[in-house]
Amino acid sequence: MKNWLSLPLIFSMAAAFAQSAPVDRLEFGDPASEQAHALQAQGSVVIQGGLGRPARQLLPDAEQRWRSADMAFRIKVDAKLQNYATVRLWGGDTTHNKLVLLCEGKQIGYRHLGDIEILDLGTEAPTYAGRFTDKTFPLPLPLTLGKSELACAIRALGKFAVYNNQFAKFQQPMDGPSRPVYALNVHTQPDAWFDDAGASAPPSPRARTSPGAEVMEALKTRINAEIDKQLASQQSPGQDDMFFLARARGMAWTTAHGRPADVAARIVAGGDAFYQRYLKDPSFITRDGGGATWIALGPFAWALKLTGPELSAALDQTVPGRDGQPIKRREAYAEMVSHGMEFLLRNRRMYTNQTLIVDLQGIYYSNEALRMLGSALARPEPQMRALLHEAVGLKPWSGSLDEKGRLSNASSAADTGGFSVGSGYLQFTAAGLSKELGFVGSYGEIQDLLANAYLATVPRPGEAGDAQLLAQFRKVSRARQYFRYPNVDLDGYRTMSLETVIGWRDVKYPGVTTYVQRIGWDNTPLYPALVADDPELLAAAQQMVADGQFTLQVQQQMENKGKRVTHGLLDAYEEWQHVTRAPRVQKPMPMADGSPDFVFVDPENATIAVKHGQERLYAALYWRANCGINRLSRIHHLTPTLERVATVYGRVEFTPSGQYCTRHNSVQFAAGAIPNITYPGDVPAPLAGELLPIAKGPAGAYAPAGRDSPFAGRGEYYETRYGPYLLAINAASPEPVDVLMPVIGAKQRLLNLGTGQMLPATQRSLRVAPGQGVVVRVVDAP
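What comes next concerns the included structure. (Residues numbered from 1 in each chain as written. Predicted model: local features only at pLDDT ≥ 70, side-chain atom pairs only at ≥ 80, totals over all residues. Heavy atoms only, no water.)

### Comments concerning the layout of surface pockets
- Considering only enclosed or pocket space, the second largest pocket measures out at about 1,000 Å³ in volume.
- Considering every element that reaches the lining of the second largest pocket, the biggest residue donor is helix H15 (residues 527-532), with 4 residues.
- The residue inventory of the lining of the second largest pocket, partitioned by class, reads 18 nonpolar, 4 polar and 9 charged. (1 Å grid on protein atoms, 1.4 Å probe; cavity = no way out; pocket = protein on both sides within 12 Å on 5 of 7 lines; lining within 4 Å. Points joined across faces, edges and corners; volume = space filled by probe spheres on them. Helix = DSSP H or I, 4+ residues; strand = E, 2+ residues; numbered from the N terminus. Nonpolar A, V, L, I, M, F, W, Y, C, P; charged D, E, K, R; others polar.)

### A short note on the sheet that holds strand E7 (residues 98-103)
- Spatially, the 4 strands line up as an open sheet ordered E5-E10-E7-E8, and their pairing is antiparallel. Only two strands of the sheet have a single neighbouring strand rather than two, namely strand E5 (71-76) and strand E8 (106-108). Ignoring strand direction, the axes of neighbouring strands in this sheet form an average angle of 35°.
- Inspection of the sheet shows E7 paired to strand E10 (residues 149-157) by 6 bridges, in the antiparallel sense. Within E10, the position partnered with Val100 by the bridge is Arg155. (Pairing = 2+ DSSP bridges. Axes fitted to C-alpha atoms, helices over the stretch in contact; angles between N-to-C directions.)

### Observations concerning the packing of helix H13 (residues 447-455) against helix H14 (residues 467-480)
- Viewed as axis vectors pointing N to C, H13 and H14 meet at an angle of 165°, and their least axial separation amounts to 9 Å. Relative to H14, the element H13 lies roughly antiparallel. Handedness of the H13/H14 crossing: left-handed. Contacts between H13 and H14 involve Gln447, Leu450, Ala451, Ala453 and Tyr454 from the former and Leu469, Leu470, Gln472, Phe473, Val476, Ser477 and Arg480 from the latter.
- Of the residues assigned to the contact of H13 with H14, the class counts are 8 nonpolar, 3 polar and 1 charged. (Parallel < 35°, antiparallel > 145°, perpendicular 65-115°, else oblique. Left-handed = near helix turned anticlockwise from the far one by under 90°. Contact = heavy atoms within 4.5 Å.)

### Here we look at the pairing of strand E9 (residues 132-138)
- Counting buried residues in E9 gives 7 out of 7 residues, a clear majority hidden from the surface.
- Residues Phe132, Asp134, Thr136 and Pro138 of E9 are buried on one face, and the alternating residues Thr133, Lys135 and Phe137, pointing to the opposite face, are buried as well.
- By the bridge criterion, 7 bridges tie strand E6 (residues 84-90) to E9 in an arrangement that is antiparallel. Bridge assignment links Arg88 to a residue of E9, and that residue is Asp134.
- Looking at chain direction, E9 and strand E21 (residues 642-649) are connected through 5 bridges and run parallel. Considered in E21, the bridge of Asp134 is made with Arg644. (Buried < 20%, exposed > 50% of the residue type's maximum accessible area, 1.4 Å probe, protein only.)

### Topic: unusual backbone geometry
- Going from Glu436 to Leu437, the amide bond is cis rather than trans, its omega being -15°.
- By secondary structure assignment, the location of Leu437 is in the loop between strand E14 (420-421) and H13.
- Omega for the peptide link from Tyr509 to Pro510 comes to -10°, which places this bond in the cis form.
- Examined against the element boundaries, Pro510 turns out to sit in the loop between strand E16 (494-498) and H15.
- For Ala38, which is not glycine, the phi torsion reads 50° and is therefore positive.
- Look at Asp533: it is not a glycine, yet its phi comes out positive at around 50°.

### Digging into the packing of aromatic side chains
- Within the structure shown, the criterion is met by 24 aromatic pairs.
- Pairing Phe274 with Phe284 gives two aromatic rings, centres 5.8 Å apart and planes at 75°, and the pair type is edge-to-face. Residue Phe274 is located in helix H6 (residues 260-280), and its partner Phe284 is located in the loop between H6 and helix H7 (292-295); the two are separated by 10 residues in the primary sequence. The pair Phe274 / Phe284 is uniform in exposure class, with both members buried.
- Both rings, one in Phe483 and one in Phe600, keep their centres 5.7 Å apart while their planes meet at 90°; by these two values the pair is edge-to-face. A residue pair is termed long-range when its members are at least 10 positions apart, and Phe483 in the loop between H14 and strand E15 (484-488) and Phe600 in strand E17 (residues 598-602) qualify at 117 residues.
- An aromatic cluster of at least three residues, connected via ring pairs, comprises Phe439, Tyr482, Phe483, Tyr485, Phe598, Phe600 and Tyr618. (Phe/Tyr/Trp six-rings, centres within 6.5 Å; stacked < 30°, edge-to-face > 60°.)

Spelled out as structure tokens, the structure:
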């Protein structure tokens, strides 16, 4: 194992905990400071912002509405050391506009999913209302070496439409003035913060009192209207319609419940139309569009499974087959369902959320329908259940079938790398988090898929399903509970936000209101609590209802009149009934005010969550290292008076492979397989050409150099110091590692937050065992 201590990491990890003076500071809106930095601020205005302090807002350019004019200035840097910049913003702002810092004509950071982000990606809601937000990031060393000053500028951009690969579609116009910019610090320690003098914690927010139960009645009306419309339609239903009707049939409050024969007739009508289309063009089943390459005919197959008793007679009737020859429906349906399932077995996907969708909604649902149809094309159920065990991390992921029908340990999906993971890769960490490639916020909210994987194995209502699947579902759901923290919604009411700042695949801050599970197109926010029979999840669900956020979220979702949203809200009414009728569980969520302090460490993802008094800390020490070791950590630190978001260098030890990943010239993305988008006037990124060493993967693992890989950027030992915190994780080193303790002042002590014990004043190191992590905080001596 080789220790790669980054060149930019020139400070000592054992340095004394003390706040050093910044190299330079520019206060926007302050005439003296602006004059000292030669500020050219045409196209911007000074405002009085948070806590009455001045700030500057950039205005949309009159001709190029997607951007502002540049706000130019000069700022001092250290000519020898790694420099960091910290920008001060107001945590109560809400804007989709972005901010970019340019120095010496080069953009600092990447626009989309970069390991170093642009200055600000905007906000979906207040990130931390009533307080400032400070964002820290490294200035590229090639720009600052040998220089004492940089010519810089801040530019505002409009909203990004991220699922596009053309500039005209990706970059949207600015929707008004930019987020106000208060100040910019340059410093050589990653934790040289602004002080928070004058700041105070805002009053505790109140719970919502509206909307209320009327939302759920409106939801019932909407769902039943959709059911009645579907049952009366003379058009052939799509498979999502059939899936919706088959599930609604089992819910006593719906109008489908008393009409099983009508539901069955609609499924037969849809199945017949599918079969005639299949005879003409079998590829429609797996042709991309609407997720066909992920699920094939899985929803139709599960509708067959659910309504099997009512379909029995119709399945033995004949329909026109090839060359007009009659064929029994059960044989016709089996042929086309099997066609899709076999395609999916050859095209499994490696990312956790994707393999769950493919293996459950595509493969397992299809095979269960084949078994219900009595088809010889069905594979043994234990074989298919084994894929579910792989998808939820109970067994190593075996990959797609190769051309000879053998398991390959490889993903065939080009957009997720097309790599082999070897023979021992698990989709979830031992701590219960998914791996995509590291920690993910929104994409990690897949508890509904784990719940449905368990429910798919339940033989009959009221009976138990696969006990291992149930236990893993509960474990993952509990682990996700650490990644919700107290915040306020757009109207200032109490809520819990999903942690997305340290998420590898997240671009929206803050995360959406989340208690049990993030709401989505196809899932509802309390569903895991309905299925899991777990007191911790039920307590979180009851808190969401008590805070008035459940009915609000359902109401907001219903503003979209689309059919997909209607289908996705099907479970919400039963969730609400279950949660409101159950006895109240008095167990606060882990990050809630008043909850006990804790340290959660996931060594495999190098992810940490900490509650210490009124402080909350999230850290990803393995941060967006898609194709090589980048030595970067991502920190989200929340105190009663301030929010800090930081991307800083740390120490990473790993075994080198001898290969390297090269940073792209693009300022759109850092490395890997994300499509490039070129902007007018783009110049090469300041870190273009940097060689990121590729870590050696396990035996049998393979990915082309420069492509995303779950092993290329993964270290064996991580260590990062930020403010009063020392974070260390022995992720995969075979031996214990001794971490040096910070040198502290006479009136300070070191507290091991994991054990709650003060370290002796003479202790200079702490041993981190394999598969363990430690969090040490500098505190005032008692």
